[in-house]
Amino acid sequence: MKKIGFIGLGNMGLPMANNISKAGIEVNAFDLSEKALIHAENLGMSIKQDSKGVLEDIDALITMLPNGSSVEKIFLEDNLLEVINKRTLIIESSTISPGISKKISTIAKNHGISMLDAPVSGGVKGAELGNLTFIVGGSQADLEKGLSLFKIMGDKIFYAGESGSGQIAKLCNNMLLAVHMCGTAETLALGVNNGLDPVVLSEIMKNSSGGNWSLEKYNPYPGVMETAPASENYSGGFLNSLMLKDLKLASELALGSKSTTPMGKLAMQLYEEMMDDGFGTLDFSSIQKKYL
Ligand code: NAD
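Computed from a predicted structure; not experimentally measured.

(A) Up close: the pattern of salt bridges. A full pass over the atoms with the stated rule returns nine salt bridges. Here aspartate 142 makes a salt bridge to lysine 145, at a shortest N to O gap of 3.1 Å. In this pair, aspartate 142 and lysine 145 both sit in helix α7 (residues 140–153), three residues apart, roughly one turn of the helix. The class for aspartate 142 is buried, based on a relative accessible area of 9%. The partly exposed category is assigned to lysine 145, whose relative accessible area is 48%.

And the structure:
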């Protein structure tokens, strides 16, 4: 790969595109935000004024957009699938509904274009460090074509199955993440309210049967883990608004497949309350605030 297009230069997209640029691959970049474009230009990317502008002479197009409607806007309303060179591999890395993902990749296929859904896990830090996990849906042959790019941006690449499967696996993961984050937050508060030190309790549970990712990597209790958003007033990281979006998508998935997900539903309700309380732009570990 010599040159790629990148659309969506937000918290995740900008560091991902920067890692590709640092690896010596030219990047044509576009975002609706002027500020994001200035950042991209300062990092050595070639900025474009619209989505079609990024397509010139590229081997792959990566999109990292907030939601399904922005992905539909780019691929369907802006008609990118009509004009993109057929040899361009599309890697759609936003977290969106598996239904929208399947719909767009079917249209792409009908135009003779290869498209992968490749949502990520690992957050902004993972995007910066280039150690994201990619969860890929589509054809395995297309995954092989994109492997060199995935390896620049991530260190774990999973093939989940046909188009849309990457999104399904990602939503399952995030529903579980929300459930264990909510459980971790209320449990830490229970211990503290009964006289325990949150650092000591975290260490005990992390090394016992209650151990989980939130305790190991992302402790929600302020001051327990220096590098976690909880110790920086819950700023940055993975926003409550994005977690709620994913829980709603998981709930739709459950409804469509007649799956029973009471814990997922309860987590969704708790994150809805966080939005109502005006905490949409805080990191999702701020669910701890409910119990402080
Ligand atoms: P973000 O809001 O920071 O960035 C999205 C960017 O897309 C913004 O810069 C916005 O201006 C741009 N954009 C929106 N519509 C556009 C359009 N039509 N054309 C061009 N640019 C457009 O979001 P983010 O945190 O970078 O997340 C991106 C995706 O990654 C989301 O789907 C999210 O669920 C997923 N994700 C985020 C995290 C995280 O920790 N932030 C982790 C894993 C996955």
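(B) Expanded view of the packing of helix α8 (residues 165–193) against helix α11 (residues 240–256). In the contact formed by α8 and α11, the axes pass within 9 Å of each other and the chain directions differ by 115 degrees. As for the relative orientation of α8 and α11, their crossing is left-handed in sense. Note on element contacts: α11 touches α8 through Met243, Asp246, Leu247, Leu249, Ala250 and Leu253, opposite Ile168, Lys170, Leu171, Asn174, Met175, Leu177 and Ala178. Of the residues belonging to the contact of α8 with α11, the class tally is ten nonpolar, one polar and two charged.

(C) Main features of the pairing of strand β5 (residues 89–92). Covered by surrounding structure in β5 are Leu89 and Ile91 together with Ile90 and Glu92, the residues of both alternating faces. Note that strand β4 (residues 60–63) and β5 share four bridges and pair parallel. If you follow alanine 60 over to β5, its bridge partner there is leucine 89. Strand direction decides the pairing type here: β5 and strand β6 (residues 115–117), joined by three bridges, are parallel. Considered in β6, the bridge of glutamate 92 is made with aspartate 117. Taken together, β5, helix α5 (residues 98–110) and β6 constitute a β-α-β crossover, and its handedness is right-handed.

(D) Representation of the state of the cysteines. For the coordinates displayed, the defined rule picks out zero disulfides. Of all cysteine sulfurs, the one in cysteine 172 lies closest to cysteine 182, which takes part in no disulfide; the gap is 17 Å. You can call cysteine 182 buried: its relative accessible area is 6%.

What counts, and where the lines are drawn
Residues numbered from 1 in each chain as written. Predicted model: local features only at pLDDT ≥ 70, side-chain atom pairs only at ≥ 80, totals over all residues. Heavy atoms only, no water. Salt bridge = Lys/Arg side-chain N within 4 Å of Asp/Glu carboxyl O. Helix = DSSP H or I, 4+ residues; strand = E, 2+ residues; numbered from the N terminus. Buried < 20%, exposed > 50% of the residue type's maximum accessible area, 1.4 Å probe, protein only. Axes fitted to C-alpha atoms, helices over the stretch in contact; angles between N-to-C directions. Left-handed = near helix turned anticlockwise from the far one by under 90°. Contact = heavy atoms within 4.5 Å. Nonpolar A, V, L, I, M, F, W, Y, C, P; charged D, E, K, R; others polar. Pairing = 2+ DSSP bridges. Right-handed = clockwise from strand over helix to strand, strands pointing away. Disulfide = S-S within 2.5 Å.

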